[in-house]
Amino acid sequence: MWCRRLARLLRGQQRGSTGRCWPWLPCGTGPVLAVPARCHPTAPESPWCAWQLHQDHLELRYGHTLMRLDFVWLRDHCRSASCYNAKTNQRSLDTASVDLAIRPQAVRVDETTLFLTWPDGHVTRYGLEWLLKNSYEGQKQQVMHPRILWNAEIYRQAQVPSIDCRSFLETDEGLKEFLQNFLLYGIAFVENVTPTKEDTEILAERISIIRETIYGRMWYFTSDFSRGDTAYTKLALDRHTDTTYFQEPCGIQVFHCLKHEGTGGRTLLVDGFHAAEQVLRRAPEHFQLLTKVPLKHEYVENVGGCHNHMIGVGPVLNVYPWNNELYLIRYNNYDRAVINTVPHDVVRRWYHAHRALTAELRRPDNELWVKLKPGKALFVDNWRVLHGREAFTGYRQLCGCYLTRDDVLNTARLLGLQA
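For clarity, every value in this text was computed on a predicted model and none was experimentally measured.

Asker: Is there a simple way to think about the environment of D406 in this case?
Answerer: Following the sequence through the fold, D406 ends up in helix α12 (residues 405–414). When its relative accessible area of 62% is taken as the criterion, D406 is described as exposed. C-alpha of D406 to C-alpha of S208: the two residues are 198 residues apart in sequence and 8.3 Å apart in space.

Asker: Sorry if this is basic, but what is going on with the pattern of salt bridges here?
Answerer: A pair can form between side chains of opposite charge whenever their charged atoms are brought close. Enumeration according to the criterion identifies 15 salt bridges in this entry. In this structure, the salt-bridge partner of E205 is R217, at a minimum N-O distance of 2.3 Å. Within this pair, whereas E205 is found in helix α8 (residues 197–205), its partner R217 is found in the loop between β12 (210–211) and β13 (219–221), the two being separated by 12 residues in sequence. As a salt-bridge pair, E360 and R282 come within 2.2 Å of each other at their nearest N and O atoms. Placement of E360 in helix α11 (residues 344–361) and of R282 in helix α9 (residues 272–282) is noted, with a sequence separation of 78 residues between them. Since its relative accessible area comes to 6%, E360 is described here as buried. Here R282 falls in the partly exposed class, since its relative accessible area comes to 46%.

Asker: Mind showing me how you'd approach the sheet that holds strand β9 (residues 123–127) here?
Answerer: Note: strands within a sheet are paired through backbone hydrogen bonds, in either parallel or antiparallel orientation. The three strands lie next to each other as β7-β8-β9, forming an open sheet whose pairing is antiparallel. Looking at strand neighbours, the two that pair on one side only are β7 (106–109) and β9, the edges of this open sheet. Across the sheet, the mean angle separating the axes of adjacent strands is 15 degrees when strand polarity is ignored. Bridge count for β7 against strand β8 (residues 113–117) is four bridges, and the pairing is antiparallel. Within β8, the residue paired with V107 across the bridge is L116.

Asker: Can you help me understand the sheet that holds strand β16 (residues 267–271) in this one?
Answerer: Read across the open sheet, the four strands follow the order β14-β23-β16-β21; overall the sheet is antiparallel. Every other strand in the sheet has two partners, leaving β14 (237–240) and β21 (368–370) as the edge strands with one partner each. Shown here is a sheet whose adjacent strand axes are inclined to one another by a mean of 20 degrees, direction ignored. Relative to strand β23 (residues 385–389), β14 runs antiparallel, the two sharing two bridges. Residue pairing in the sheet places L237 in a bridge with R389 of β23. Relative to the sheet, α9 contacts β16 and β23, its axis offset from that of β16 by approximately 45 degrees.

Asker: Looking at this model, I keep getting lost on the packing of aromatic side chains. Mind explaining?
Answerer: Geometry of an aromatic ring pair is reported as the spacing of the ring centres plus the angle between the planes. Counting across every chain of the model gives 17 aromatic pairs. Ring geometry for Y126 against W130: centres 5.4 Å apart, planes inclined by 20 degrees, an arrangement best described as stacked. Y126 gets classed as buried once you look at its relative accessible area, which sits at 1%. A relative accessible area of 28% places W130 in the partly exposed class. Cluster of aromatic residues (ring-pair linked, three or more members): Y215, Y245, F246 and Y299. Between the NZ or CZ atom of K376 and the centre of the ring of F189, over which it lies, the distance is 4.8 Å. Across the ring face of F392, the terminal group of R396 is positioned such that the distance to the ring centre comes to 5.3 Å.

Asker: What is the right way to read the environment of T244 from this model?
Answerer: Following the sequence through the fold, T244 ends up in the loop between β14 and β15 (252–261). Judged by its relative accessible area of 0%, T244 is buried. Considered as a pair, T244 and Y299 are 55 residues apart in the sequence and their alpha carbons are 8.8 Å apart. Other than its neighbours up to four places away in sequence, T244 contacts P249, H297, G312, R330, Y331, N332 and D335.

Asker: Could you clarify how one ought to interpret the layout of surface pockets in this entry?
Answerer: By rolling a water-sized probe across the atoms, one finds the places where empty space is left. Volume-wise, the second largest pocket comes out at about 330 Å³. Where the lining of the second largest pocket is concerned, the elements lending two or more residues are α7 (172–185) and α12. Take the lining of the second largest pocket: its biggest share by element is five residues, from α12.

Asker: Sorry, what's going on with α7 here?
Answerer: Along an α-helix, residues three or four positions apart point the same way, because every turn accommodates 3.6 residues. For α7, with 14 residues, the first-to-last C-alpha span of 20 Å sits near the 20 Å given by 1.5 Å per residue. Looking only at α7, the buried set comprises G174, L175, F178, L179, N181, F182, L183 and Y185. Once α7 ends, the next one or two residues include G186, with phi positive near 85 degrees.

Asker: Hey, could you run me through empty space enclosed by the protein in this one?
Answerer: In the structure shown here, the tally under the stated rule is one cavity of 30 Å³ or more. Volume-wise, the largest cavity comes out at about 40 Å³. If you trace the largest cavity, you find it lined by L295, H297, V316, R330, Y331, N332, N333, R336 and H354. Here the residues of the lining of the largest cavity are counted per class, giving three nonpolar, four polar and two charged.

Rules behind the numbers
Along every chain, residues carry numbers that run from 1 in the direction the sequence is written. Only residues with pLDDT of 70 or above have their local features reported here, since the model is predicted, and side-chain atom pairs are shown and tallied only from 80 upward, although totals for entire chains, interfaces and linings are computed over all residues. The side-chain figures draw on all heavy atoms in the structure; neither hydrogens nor water molecules are used. Counting from the N terminus, the helices are the DSSP runs of H or I reaching at least four residues and the strands are the DSSP runs of E reaching at least two. Each residue is placed in one exposure class: buried if its accessible area under a 1.4 Å probe, protein chains only, is under 20% of its type's maximum, exposed if it is over 50%, and partly exposed if it falls in between. What makes a salt bridge here is a side-chain nitrogen of Lys or Arg within 4 Å of a carboxyl oxygen of Asp or Glu, nothing more. The pairing criterion for strands is at least two bridges between them, as found by DSSP. As a rule, the C-alpha atoms of each element are fitted with a line to give its axis, helices using only the stretch in contact, and angles between N-to-C directions run from 0 to 180 degrees. Whether two residues are in contact is decided by their heavy atoms, any of which lying within 4.5 Å being enough. In summary, the pairing rule links any two rings of Phe, Tyr or Trp, Trp by its six-membered ring, whose centres are within 6.5 Å, and it sorts them by plane angle into stacked for under 30 degrees, edge-to-face for over 60 and tilted for everything else. To sit over a ring, a charge needs its Lys NZ or Arg CZ within 6 Å of the ring centre and within 35 degrees of the ring normal. Computed over the protein atoms alone on a 1 Å grid, cavities are sets of points where a 1.4 Å probe fits but cannot get out and pockets are open sets with protein on both sides within 12 Å along at least five of seven lines; a residue lines them when it has an atom within 4 Å of a point. Grid points are joined across faces, edges and corners, and a volume is the space filled by probe spheres set on the points. To estimate the expected span of a helix, subtract one from its residue number and multiply by 1.5 Å. Lys, Arg, Asp and Glu make up the charged group, whereas Ala, Val, Leu, Ile, Met, Phe, Trp, Tyr, Cys and Pro make up the nonpolar group; the residues left over, Gly among them, are polar.

If you want it as structure tokens, here you go:
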């Protein structure tokens, strides 16, 4: 079967810069020579491998992946001692010094390694597995952040445990379990926390530097309308992400209910990535539009001594362009500014796309309702999970803070987690 596929490739081969047709060469052949192609496995259990030279790039088929590797890219990423410092994991080669018309003088591939000899005699070696992992084609098949998308029923059936405060603070095992839950689901709980702002601060600092914002370092949250924000009332809040008006929205939010003397006030949580995935499946054109149209969100405050006007710009859905993987949702109907970044012929299509996403976010089966009580702290991935609340009566006091995303992810990586 492989030989038949290889024969088809030979018939459709492209011409190199010298005008000669370079046949696909099975791995293990020598320098760049027009030799008859042979079909054989590289090793008894190795993936199939073959390669072909073109005018400005090398095509390398390894297993089920066909990689197109530009010659400049291949020279620039050389991992030899003179080009890359393995101790510091930093490039030593001056990229600007690489000839943009460079082309290898010889190419050889064995069972595990690609060898390239350049015009100046320098030899570059690449492991085939490294190329598979780091090529554009290989990256398209990978995800940056493994996660479990959920609705309310999926999350309940998973029976994700809360972590005891002492285990969270004093053991790597407890911290690792907490972070694994957080990375997979975008939310995680810590139980038996002393209901004070000071103890909540100690909890937050276990995994990150606390991010200073216009709300201060640690904030108290009551319905006294001390800030010009609907959150500082007793009204219900629809699902949203916070700080959409920042150029970089805050990564993680911590909530801890210190006191509630009254009724209502349950917290609403919705997995925005799960909702977006449903839009992508049912109406991909809506998903794509929501990743491309830039919007302004703003925060305008003139209360007491607080005078702020902040503007953040970005699409509702933010994806990595090479594999369409969603990494941030910026959704807040309260803070969305005047739509003046979208031309007339796009506006109505954007409203249709926004309506489709909103419908998914508001599906009752996507709503996870949680009653926050003193001693139970909630960590929310503000780039993924939307939060809201039902209206309440009486006196309700929360404290919390924002955490820097990079620090949380780095804490997870230090514990051996993929983040």
